[in-house]
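Fold and geometry: a report
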Amino acid sequence: MLSATALSLPLPALIPGPLAAEEAGVAPATIRKWVQLGHLRAAGKAGRAQLFRLEDVFAAERAARRKPRTA
């Protein structure tokens, strides 16, 4: 498998949960809930903070919008 540097592609930026929440237009607690439910996985850590790929956050947000909420 080729690495991103071998292909001269930029590596995806990793952002902390609160910034991911702001970009997706949701509360930081929603990001934590998506992680808890398995809808989103952290791509890394910086100390105690989880870091996420923005495209993963947007995919989780789209999936959450498609699913009907249950009471």
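Residues numbered from 1 in each chain as written. Predicted model: local features only at pLDDT ≥ 70, side-chain atom pairs only at ≥ 80, totals over all residues. Heavy atoms only, no water.

**Quick word on the overall build of the chain**
When its secondary structure is counted, the chain shows three helices and three strands. When the helices and strands of the chain are read in sequence order from the N terminus, they spell out β-α-α-β-β-α. Of all 71 residues assigned to the chain, the portion counted as buried reaches 20%. A sequence separation of at least 24 residues applies to 51% of the contacts in the chain between residues at least 6 apart. Carbon and sulfur atoms provide 56% of the accessible area of the chain, an area that totals close to 5500 Å². (Helix = DSSP H or I, 4+ residues; strand = E, 2+ residues; numbered from the N terminus. Buried < 20%, exposed > 50% of the residue type's maximum accessible area, 1.4 Å probe, protein only. Contact = heavy atoms within 4.5 Å. Areas by Shrake-Rupley, 256 points an atom, 1.4 Å probe, with all protein chains shown as cover.)

**Examining the nonpolar core**
By size, the foremost hydrophobic cluster in this structure holds 10 residues: Ile15, Ala20, Ala21, Ala24, Ile31, Trp34, Leu40, Phe52, Val57 and Ala60. Among the secondary structure elements, those contributing two or more residues to this core are helix H1 (17-24), helix H2 (28-37) and helix H3 (54-66). At three residues, H1 tops the list of elements feeding residues into this core. Ignoring any residue separated from it by four or fewer positions in sequence, one finds Leu40 in contact with Ile31, Trp34, Val35, Phe52, Asp56, Val57 and Ala60. (Core = buried A, V, L, I, M, F, W, Y, C linked by side-chain atoms within 4.5 Å.)

**Some thoughts on the sheet that holds strand S1 (residues 14-16)**
If you walk across this open sheet you meet the three strands as S1-S3-S2, and the pairing is antiparallel. Looking at which strands have only one partner, the edges of the open sheet turn out to be S1 and strand S2 (44-46). The sheet shows a mean angle of 45 degrees between the axes of neighbouring strands, direction not considered. The pairing of S1 with strand S3 (residues 49-53) spans three bridges and is classified as antiparallel. Residue pairing in the sheet places Leu14 in a bridge with Arg53 of S3. With respect to the sheet, H3 is in contact with S1 and S3, its orientation differing from that of S3 by roughly 80 degrees. (Pairing = 2+ DSSP bridges. Axes fitted to C-alpha atoms, helices over the stretch in contact; angles between N-to-C directions.)

**Brief notes about the pairing of S3**
Of the strand pairs in this sheet, S2 and S3 are connected by three bridges, and their pairing is antiparallel. Looking at the pairing, Gly44 lines up with Leu51 of S3. What sits between the antiparallel neighbours S2 and S3 is a turn of two residues, in which Gly47 has the positive phi angle 70 degrees.

**Some remarks on H3**
Counted at 1.5 Å a residue, the expected span for H3 with its 13 residues is 18 Å, and the 19 Å between its end C-alpha atoms agrees. All buried positions along H3 are accounted for by Val57, Ala60 and Glu61. Each buried residue of H3 sits inside an arc of 100 degrees when the element is viewed along its axis, so together they form one side. Tucked inside the fold, the buried residues of H3 contact H1, H2 and S3. (Expected span 1.5 Å × (residues − 1). Arc of directions from axis to C-beta.)

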